[in-house]
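Secondary and tertiary structure notes
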Amino acid sequence: MARYARRGVHGQTVEVIARRILAGEIAAGETLNMTALQEELDVSLTALREALKVLSAKGMVDARQKRGTFVRPRADWNLLDGDVIRWQFAEGADPRLLDKLHEVRSIIEPAAARLAASRATEDDLAALAGALDEMAAADGDPAAAVAADLNFHRVLLTATHNELLERMEVVMETGLAERDRLVHGGVEPHDDPVPSHRAVVEAIRAQDATAAEAAMRGLLDKAVRDVEKIRG
């Protein structure tokens, strides 16, 4: 699903309501008080309804005659939607969500590395090498380090040549970005990320699927240790 464009009052209205639902401030099954929300957020009824259409498309709210607009059960929410993941990080890195996203990455990325070892083209290998160069050049710049890491993992999924796996970028990107900001933006010095990522690229280049999978598992294990170090 495409990312929701966060612009203007409309975008702010969507995010405020979404974050309250995700935080449990508006509980599942609860009917929204449209009049109170209008007054509090200082928006028209039309603008409020348009914002709720966005949340309805993500499975978070629904509307029924006589009942009004209400919050759907959490089981109905599109928790794999990039915006829904991002909204959960709005108040800072959620350790529980980071752990869940790491479990997803641990299932997907080692398998992706294995596939890439047998499917990567010369263009894919060049893109992976370029991502390593970006990572090396980002030393000391947290924003550049986050962007370079995201690019590496995006290119890795592309190298599988499986369009469904490529779409998993949306699921992992926000959690990976939050993890990277936590690590690269911290006051504690962090290890050079290039060697662990280069090991993955070299195994893919050698078409060694087993080594590529093992290198990616090692990279992910290191990612967990980095976060645990910062958590203290």
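The paragraphs below set out a description of the structure included in this document. Note that this is a predicted model, so its numbers are computed, not measured.

Considering the arrangement of structural elements, one finds A112 in helix α5 (residues 95-119). Discounting residues that sit within four places of it in the chain, A112 has contacts with L157 and T160.

The next point concerns the environment of D180. With respect to the helices, strands and loops of the structure, D180 is situated in helix α9 (residues 169-184). A relative accessible area of 0% places D180 in the buried class. For the pair D180 and A63, spaced 117 residues apart in sequence, the C-alpha to C-alpha distance is 38 Å.

Taking 1.5 Å of rise per residue, 25 residues should cover 36 Å, and α5 covers 35 Å from first to last C-alpha, within 8% of that figure. Those residues of α5 not exposed but buried are L97, L98, L101, H102, R105, I108, E109, P110, A112, A113, A116 and A117.

Leave glycine aside and you will find that most residues have negative phi; peptide bonds, for their part, are mostly trans. Although it is not a glycine, D42 sits at a positive phi angle of roughly 55°. Considering the arrangement of structural elements, one finds D42 in the loop between α2 (34-41) and α3 (45-57). We classify D42 as exposed; its relative accessible area is 69%.

To continue, consider the pairing of strand β2 (residues 68-71). In terms of strand pairing, strand β1 (residues 61-64) meets β2 through four bridges, oriented antiparallel. Following the sheet pairing, V61 is matched in β2 by V71. Connecting β1 to the antiparallel partner β2 that follows it, the hairpin turn spans three residues, and K66 within it adopts a positive phi of roughly 75°.

With that settled, the discussion passes to the nonpolar core. Core analysis: the biggest nonpolar cluster contains 24 residues, and L128, F152, L156, V200, I204 and M216 have the highest contact counts within it. Of all the elements in the fold, those that place two or more residues in this core are α5, α6 (122-137), α7 (142-158), α10 (194-205) and α11 (209-231). Here F152 is in contact with L128, A131, L132, M135, H197, V200, V201 and M216, once residues within four sequence places are set aside. V14, I17, L32 and L37 belong to the second-largest nonpolar core, a separate cluster that totals 22 residues.

Among the secondary structure elements, K222 is positioned in helix α11. Discounting chain neighbours no more than four positions away, the residues touching K222 are D191 and S196.

Quick look at α3 now. Look at α3: 19 Å from first C-alpha to last across 13 residues, which is about the 18 Å you get at 1.5 Å a residue. Within the span of α3, buried status applies to L48, A51, L52, V54 and L55. With its buried residues spanning 145° around the axis, α3 presents them on a single face. Exposed positions of α3 whose direction lies more than 90 degrees from the buried face are T46, K53 and A57.

The residue E134 is located in helix α6 in this model. Its relative accessible area of 39% is what places E134 among the partly exposed residues. A sequence separation of ten residues divides E134 from A144, and the C-alpha atoms of the two residues are 8.0 Å apart. With residues up to four places along the chain from it excluded, the contact list for E134 reads A148 and N151.

Attention now goes to the packing of aromatic side chains. Think of a pair of aromatic rings as described by two things: how far the centres are apart, and how the planes are tilted against each other in angle. Applying the stated criterion to the full structure yields zero aromatic pairs. Positioned above the aromatic ring of F70, the side-chain terminus of R67 is 3.7 Å from the ring centre.

What counts and how
Numbers given to residues run from 1 along each chain, matching the order in which its sequence is written. Since the coordinates come from a predicted model, pLDDT governs what is reported: local features require at least 70, and pairs of side-chain atoms require 80 or more to be given and counted, while whole-chain, interface and lining totals use all residues. Side-chain figures throughout are based on the complete set of non-hydrogen atoms in the structure, without hydrogens or water. For helices the rule is a DSSP run of H or I covering at least 4 residues; for strands it is a run of E covering at least 2, with both sets numbered from the N terminus onward. Any two residues whose heavy atoms approach within 4.5 Å at even a single point are treated as in contact. Three exposure classes are used, based on accessible area relative to the maximum for each residue type with a 1.4 Å probe and protein chains only: buried under 20%, partly exposed in between, and exposed over 50%. Working rule for helices: expected span equals 1.5 Å times residues minus one. Between any two strands, pairing holds if DSSP finds at least two bridges. Put simply, buried Ala, Val, Leu, Ile, Met, Phe, Trp, Tyr and Cys residues joined by side-chain atoms within 4.5 Å make one nonpolar core. As used here, the arc belongs to the directions running from the helix axis to the C-beta atoms. Any two of the Phe, Tyr and Trp rings considered here, Trp counted by its six-membered ring, make a pair once their centres fall within 6.5 Å; the pair's planes then place it as stacked at under 30 degrees, edge-to-face at over 60, or tilted in between. Only lysine NZ and arginine CZ atoms are considered, and such an atom sits over a ring when it is within 6 Å of the ring centre and within 35 degrees of the ring normal.

Honestly, it's all geometry; don't read function into it.
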